[in-house]
Amino acid sequence: MTTIELITSHVCPFAQRTHMALIEKGLDFTVREVDLSNKPAWFEEVSPTSKVPVVKIAGEIVWESAIANEYIEDKFPDVPLLPDDPWLRAQARIWIDYCNTRWIEDFYALLGAKEAERQKDLGDRVMQDLRHMETKGMAALSSGPFWLGSSVSLVDLAFWPFFERFPLLSHYRQVTIPDDCKRLHRWCDEMAARPSARQTMHEASWYIERYKARAA
Ligand SMILES: N[C@@H](CCC(=O)N[C@@H](CS)C(=O)NCC(=O)O)C(=O)O
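Remember, predicted model here, so these are calculated numbers, not experimental data.

Please clarify how the site of the ligand should be interpreted in this entry.
Around the ligand, a shell composed of Cys12, Pro13, Phe14, Leu36, Lys39, Ser50, Lys51, Val52, Pro53, Glu64 and Ser65 is seen. One of the side-chain nitrogen or oxygen atoms of Lys39 is found 2.4 Å away from an oxygen atom of the ligand. Note that an oxygen atom of the ligand is positioned 2.9 Å from one of the backbone N or O atoms of Val52. Protein contact buries 72% of the 510 Å² of open area that the ligand shows by itself. Of the residues that constitute the shell around the ligand, the class distribution is 6 nonpolar, 2 polar and 3 charged.

Is there a simple way to think about the environment of Asp28 in this case?
Tracing the backbone shows Asp28 in the loop between α1 (13-24) and β2 (30-33). Through-space distance from the C-alpha of Asp28 to that of Trp87 is 31 Å; in sequence the pair is 59 residues apart. In contact with Asp28, not counting residues within four places along its chain, are Met1 and Ile4.

Any chance you could explain the side chain of Arg183 here in plain terms?
With respect to the secondary-structure elements, Arg183 resides in helix α8 (residues 182-193). Here Arg183 sits buried without a salt bridge, and the closest side chain of opposite charge, Glu134, lies 6.1 Å off (N-O distance). Of note is the side chain of Arg183, whose polar atom sits 3.1 Å from the backbone oxygen of Phe146. In contact with Arg183, other than residues within four places in its own chain, are Glu134, Met138, Ala139, Ser142, Ser143, Gly144, Pro145 and Phe146.

Definitions and cut-offs
Residues numbered from 1 in each chain as written. Predicted model: local features only at pLDDT ≥ 70, side-chain atom pairs only at ≥ 80, totals over all residues. Heavy atoms only, no water. Near = heavy atom within 4 Å. Polar contact = N/O pair within 3.5 Å; in protein donor to acceptor, adjacent residues only side chain to side chain. Areas by Shrake-Rupley, 256 points an atom, 1.4 Å probe, with all protein chains shown as cover. Nonpolar A, V, L, I, M, F, W, Y, C, P; charged D, E, K, R; others polar. Helix = DSSP H or I, 4+ residues; strand = E, 2+ residues; numbered from the N terminus. Contact = heavy atoms within 4.5 Å. Buried < 20%, exposed > 50% of the residue type's maximum accessible area, 1.4 Å probe, protein only. Lys, Arg positive; Asp, Glu negative; His and termini not counted. Salt bridge = Lys/Arg side-chain N within 4 Å of Asp/Glu carboxyl O.

Here it is, written out as structure tokens:
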């Protein structure tokens, strides 16, 4: 049997993506938890960037969550997390890239912003992002409930950890998902209920306490 190991930290949204992919695939795997504030020597040897996640499959090591998830997809295609259609696969990668290069940037920039004016500008930008995801992403690509249709995909797994943490923006920056983003609201409900999300989640109160120093 192929041995699969996930090297992770329960606090990390990127590692959560890969943890969720392994659960969605129904794979047997072991989890090695790393204390990122006190990294053990074995971790420095196994992780080329000194970051989580790292996935090790039959001795092969892959890192970078979005790439690790594609690697898992390629190795274990039985439960597909990408569509067959080449255009839709391209769309999946476009939105995963959007998540990595725009959404996460804006999310953490707003969370860390101290001055009122900057908070306002970034709050507006996050609202634009949400409407962009709703109209040009979800609503343009499928009738849902997931990004690409009726099945969960790597796009959903790329975004979800940052929506599980959305209560941070509501609590510290008074930003909420607009009511007219109906697909996004439905998607959040669907995702929160998935076993892969439930098994890797923390409560909103846990995040709020943890980000007190950074966001207040
Ligand atoms: N782009 C990376 C980001 C991974 C990342 O930033 N992981 C953080 C924890 S959330 C980490 O391991 N930080 C440790 C460090 O930078 O020393 C990915 O998608 O996997």
